[in-house]
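A look at the structure
Spelled out, the chains give:
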Amino acid sequence: MIVSEFATALGEGATLVTPNNRLARHLVARYDDAQHAAGLRAWTAGRVLPWQGWLKQLWLEALATDAVSEPRVVISDIAAGHLWHRVIAQESPGLLDPRGAAVQAAEAWATYHAWRRPDDPFEGWSRAGIGDDAATFSWWAQRFSAALNELGLVHPAQLAGLLTDAAPQVAAWRGQHIVTVGFIEFTPQQRRLLAALSEAGAMVTTYGLPQVAMPSRHRVVCATPESELGHALAWARERALADPAASIGIVIEDLASRRAEVAARAEDILCPALASRVRPDASRPYDVSLGTPLADVPMIAAAIDLVAMGAGALPVSEAAALLRSAYLPDADTTWSQRSATERRWREQGVRWISLSDFMRALDRTDPVLAAQWRAATAPGNITRSPEQWASDWRAWLHALGWPGTRPLGSGEWQAGEAWSRLLAAFGSLRFVSPLLTREDALASLRNMASQTVFQPEAAPARIQILGVLEASGLEFDALWVAGMTAERWPPVAHPSALLPLAWQRERHVPHCDPAVDLRHARALTTGFAGAARDVIASHASQVDGFERAASALFEDWDQRELASLPVPEGLAVAIAAQRDALIPGDTDAAPPLPMNALVRGGVGIIESQSTCPFQAFARYRLRVDAWPAPSEGLTPRERGILLHAALAALWDSLRDHATLASLTDAELGARIASAVTRARTKLDRERWNTLPAAVASAESERLAQVVRAWLDAFEFARTPFTVRDTELSLPLTLGGIGLKLRIDRVDDLADGGIGVIDYKSGRAVAPVNWFAARPSGTQLGLYALALRAAPSPLPLRALVYAQLKAGEIDIKGLTADSAAWPTLTPLPQMRHAPIATWADLPDAWESSLGALALEFRKGIATVSPRDGEACKHCELQALCRIQSLDDPAVAADANDDD
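What this report covers is the structure whose coordinates are included nearby. Just so we're clear, the structure is a prediction, and the values are computed from it rather than from any experiment. (Residues numbered from 1 in each chain as written. Predicted model: local features only at pLDDT ≥ 70, side-chain atom pairs only at ≥ 80, totals over all residues. Heavy atoms only, no water.)

Side note on the overall build of the chain
Rule in force here: By the criteria applied, helices consist of DSSP H or I runs no shorter than four residues and strands consist of E runs no shorter than two, each listed in order from the N terminus. This radius of gyration counts C-alpha atoms alone. The globule rule is 2.2 Å times how many residues there are, raised to the power 0.38. Residue contacts follow a heavy-atom distance rule, with two residues in contact if any of their heavy atoms lie within 4.5 Å. With residues, only the protein chains shown are counted as cover, and all accessible areas are computed by Shrake-Rupley using a 1.4 Å probe. Under the convention used here, Asp and Glu are negative, Lys and Arg are positive, and both His and the chain ends fall outside the count. Here the site of a charge means atom NZ of a Lys, CZ of an Arg, CG of an Asp or CD of a Glu.
On a plain count of helices and strands, the chain comes out with 36 helices and 25 strands. Taking 2.2 N^0.38 as the reference for a compact globule, 898 residues should give roughly 29 Å; the C-alpha atoms of the chain span a radius of gyration of 37 Å, well beyond that estimate. The contacts of the chain with a sequence gap of at least 6 include a subset with a gap of at least 24, amounting to 75%. Surface summary for the chain: the accessible area is close to 42400 Å², and the carbon and sulfur share equals 54%. For the chain, the distance from the average site of its 85 positive side-chain charges to the average site of its 103 negative ones is 4 Å.

So, in structure tokens, the structure goes:
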């Protein structure tokens, strides 16, 4: 088409006008290819412009000839968005999301100007009683229009109307040849401008969508959208290999919402070897349109985070990502050391990281970079012009060493250029906001970066993956159109919420009038049918679990069997295909430990082995640790540390029951307060500094209250005792492994023997579960065995869990007789007692707990949780992948949230 119909016109100086940039670039490339194929070495550049670019060029020409009565500067879309936000924030201060409203208002403003009639003012909507949203928009639009006039600016949506009025006065437009290409339908505003240019003497020619001669058209049915995408990519790969010169297109109806998935599948199917062999920005045989927000590009995200860090603080997750960023100096050699800081932050429970916090972290891992950052001066919290903010941010990033010291790839270099353009555009906000506070400047920068689409330029790819509108007007050798279900094509109407619905219907605005949407869909369908010699349209028969039918617009296309198309095969499929060749192995057993090997973990090893053998193996052989969860105050682990330390300090002071009983309330309160103060030293000062003063004080008060509640509820009522040991360390060899245990407290009882107390800051385990087939609460049993193995063993008469949970103070335990601890049930009186006599307890535990220790030593690591609760409180599902097991009962337990 381009050679036969447009080459002569372009050569003679005609201007081709397209609906979008992609088609403009496509036509320029086709024109240049044709000139080169004709043997030319130099030729006049083809003048092909997208509609908005053409309007701005006409505006400059109109200004140069004084054809415009009120010369104005064209406001950029970014500056216009900022002005919309400012107007809406001032006029509607109660809105939860003024920036989101600004986006919708900008879209409504453009739609209004494109589809309005010449005598069609919006000002009356605020008084016509047509709806709150439209009335609100009318008031916003009046304020926006007044601001434009006051600032001497014109919005791009207004240009076509102003140029229509100026057309008779611009002599240079007479005799011009204007060719419109690829427009499905013109808006009333566009039609008025083209008519005015024609009446002024310009020659206007209109071409629709391209149509190849005798195309081959087929439709296919795939099982799911995932299968449909795989078949489309496999088909494109086969066509590209068969004809290296072919241009191939894949149009995906919902590409905007699936872009990440599409890019990943394209990488896997079209060029699987590249992912592991070359740099990420190396040339690919495919290109995915639409791009990504500039704010999501890692290099730019790091820059914005650094700017935000200089202005205040970052959430801990964003600060941690910044520490790991490849765009800090020497990141390639030090990022792993820097990344370890995130765990420390999470263990401390911090949620926000300031610049000083960041530099203290760097002191541990990278003192050179910390010194460099301390020498930098962050922009202060004073009002500045947008240009000054942009300049200060450039200087700040340069001082911090962004974007790092390693060479940048092509895509990264282009991202840096895009960042420079963004800052320049930010500086242009001076037209609408001469001064900005630091908070407004940073918020505007983030908003601009999120709305700026970035897609690095590369050599033209042979396989183009496009959205519906991006593909309109393009030509291919082969084309696949995916997602053509009856529910999605024609698209569902989505009228503007800010424009009167009746106004939109009267003017046949797209996305409001079903008849217009059907007409557009028919035109696009016809365009796709003629865009290539070989065209396939597809749909998925199952989408989100529901049956889907093909769009009726493709019902006259010939049906093609899916079996005739290539099967999707990528790197993942190839790896899966090799599984039969893998050597089978016993995945339930790890290498055994040497006999009597000393292992770290203490009682946790035996408890985890009983809970789930794989859990014990992962935690205590692989040393897999849970990722700390952020906490508003102290974490449960920290509270447990403080509780144990406070009780140890208290009983080191009291020593016996008699002293406890002799104290007045005030004296006991002072002892508890002193113990809490000593316990606080178990957490370093830096951790306490991360907590608000009120929270830190409340934690101390809560701890003191819990300790006092425990004393009042259980310690005062006991028979006399003396505390023999606190935090007693003992070794234990069991089942062929050596353990180190630490007993919270051992008491000498008045009538002989000892009692063992283990403090629990959570819920304690009842005795009935100590002797289950897969026991829980194994600590006391292990302590009993360790005390029996001590050089001078004393008779054990009580085993107690002290439940010190705020509001749920309780006690769970067993005694040899009622005299040892009167409030506990003696073992012989226990209902359904699993052990006949107290003397039999150690042997029973030697057998049951010893078997668990032996399993651990032998490497038994079966994924076999005791029950659903075991998985609910375990953090290893990503490693054991229990949800993938064939046993539905196990999978159900693992996902049980009741």
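Side note on the nonpolar core
In plain terms, the rule: What is meant by a nonpolar core is a set of buried Ala, Val, Leu, Ile, Met, Phe, Trp, Tyr and Cys residues, joined one to another through side-chain atoms within 4.5 Å. Note on exposure labels: buried denotes an accessible area under 20% of the residue type's maximum, exposed denotes more than 50%, and partly exposed covers the range between, all computed with a 1.4 Å probe on protein chains only.
Membership of the largest hydrophobic core comes to 82 residues, with the highest contact counts inside it found for Trp 84, Phe 137, Phe 358, Trp 373, Trp 402, Trp 419 and Phe 426. Tallying contributions element by element places helix α12 (residues 298–311) first for this core, with nine residues. Among all residues touching Trp 84, those that are not within four sequence positions of it are Ala 102, Ala 105, Ala 106, Trp 109, Phe 137, Trp 140, Ala 141 and Phe 144. Grouped together as the second largest cluster of nonpolar side chains are 44 residues, Ile 605, Ile 606, Leu 728 and Leu 852 included.

Considerations on helix α20 (residues 438–451)
The condition is simple: Helices are assigned an expected span. That span is 1.5 Å times one less than the residue count.
For α20, which comprises 14 residues, the first-to-last C-alpha distance of 20 Å matches the rise-based estimate of 20 Å (1.5 Å per residue) to within 8%. If you check which residues of α20 are buried, you get Arg 438, Ala 441, Leu 442, Ser 444, Leu 445, Asn 447, Met 448 and Ala 449. Taken together, the buried residues of α20 touch α4 (77–91), α5 (98–115), β10 (292–293), α12, α18 (386–400) and α19 (410–427).

Things to note about helix α3 (residues 51–64)
We count it as follows: The arc in question is the one spanned by the directions pointing from the helix axis to the C-beta atoms.
Taking 1.5 Å per residue, 14 residues should reach 20 Å; α3 reaches 20 Å between its end C-alpha atoms and fits that length. Considered for burial, the residues of α3 that qualify are Trp 51, Trp 54, Leu 55, Leu 58, Trp 59 and Ala 62. Down the axis of α3, the smallest arc covering the buried residues is 145°, so these residues share one side. Those residues of α3 that are exposed and angled more than 90 degrees off the buried face are Leu 60 and Ala 64. In the stretch just after α3, Asp 66 is the one whose phi turns positive, near 55°.

A look at the side chain of Ser 472
Position of Ser 472 among the secondary structure elements: in the loop between α21 (468–471) and β15 (478–482). Not counting the four nearest positions on each side in its chain, Ser 472 is found in contact with Leu 23, Gly 182, Ile 184, Leu 209 and Leu 524.

Quick look at the pattern of salt bridges
Defined as follows: Just to be clear on terms, a salt bridge is a Lys or Arg side-chain nitrogen sitting within 4 Å of an Asp or Glu carboxyl oxygen.
Here the structure, examined in full by the defined rule, presents 43 salt bridges. Measuring nitrogen to oxygen at the nearest pair gives 2.4 Å for the salt bridge that ties Arg 338 to Asp 366. On the criterion of sequence distance, the pair formed by Arg 338 in helix α14 (residues 331–339) and Asp 366 in the loop between α16 (355–365) and α17 (367–375) is long-range, its members being 28 residues apart. Arg 338 gets classed as buried once you look at its relative accessible area, which sits at 0%. The class of Asp 366 is buried, set by a relative accessible area of 8%. Across the salt bridge formed by Lys 872 and Glu 869, the nearest N and O atoms sit 3.0 Å from each other. Of this pair, Lys 872 and Glu 869 both sit in helix α34 (residues 868–872), three residues apart, which is roughly one turn of that helix.

Some points on the packing of aromatic side chains
Spelled out, the test is: What counts as a ring pair is set by centres within 6.5 Å for rings of Phe, Tyr and Trp (its six-membered ring), and what kind of pair is set by the plane angle: stacked under 30 degrees, edge-to-face over 60, tilted for all other angles.
One pass over the full model with this rule turns up 25 aromatic pairs. Consider the rings of Trp 393 and Phe 426, whose centres lie 5.0 Å apart with planes at 55°: the pair is tilted. Here Trp 393, found in helix α18, pairs with Phe 426, found in helix α19; they are 33 residues apart in sequence, far enough to count as distant. Here Phe 426 falls in the buried class, since its relative accessible area comes to 0%. Measuring from ring centre to ring centre gives 6.2 Å for Phe 614 and Phe 617, while their planes differ by 50°; the resulting arrangement is tilted. In this pair, Phe 614 and Phe 617 both sit in helix α26 (residues 613–620), three residues apart, roughly one turn of the helix. Each of the two residues, Phe 614 as well as Phe 617, counts as buried.

Looking at the packing of helix α9 (residues 225–242) against helix α10 (residues 255–270)
Cut-off, in case you're wondering: Helix axes are fitted to C-alpha atoms over the stretch in contact, other axes to C-alpha atoms as well, and angles between N-to-C directions run from 0 to 180 degrees. Oblique is the label for every angle not falling under 35 degrees (roughly parallel), over 145 degrees (roughly antiparallel), or within 65 to 115 degrees (roughly perpendicular). Here is the rule for handedness: rotate from the far helix to the near one, and if that takes an anticlockwise turn smaller than a right angle the crossing is left-handed, while a clockwise turn gives right-handed. Three residue categories are used. Nonpolar comprises Ala, Val, Leu, Ile, Met, Phe, Trp, Tyr, Cys and Pro, charged comprises Asp, Glu, Lys and Arg, and polar comprises the others, including Gly.
α10 packs onto α9 with a crossing angle of 45° between their chain directions and a minimal axis gap of 10 Å. For the element pair α9 / α10, the angle class is oblique. α10 is crossed by α9, and the crossing has right-handed handedness. Note on element contacts: α10 touches α9 through Arg 258, Glu 261, Val 262, Arg 265, Ala 266, Ile 269 and Leu 270, opposite Pro 225, Glu 226, Leu 229, Gly 230, Leu 233, Ala 234 and Arg 237. Across the contact of α9 with α10, the residue classes tally to eight nonpolar, one polar and five charged.

Examining the sheet that holds strand β6 (residues 203–207)
The line we're drawing: Any two strands are treated as partners once DSSP identifies two or more bridges connecting them.
The four strands are arranged β2-β1-β5-β6 in an open sheet whose pairing can be described as parallel. The open sheet has two edge strands with one neighbour each: β2 (47–50) and β6. In this sheet, adjacent strand axes meet at a mean angle of 25° when their direction is disregarded. Two elements, strand β1 (residues 15–18) and strand β5 (residues 177–181), share three bridges in a ladder whose sense is parallel.

Fair warning: the whole summary comes from geometry, so function is off the table for now.
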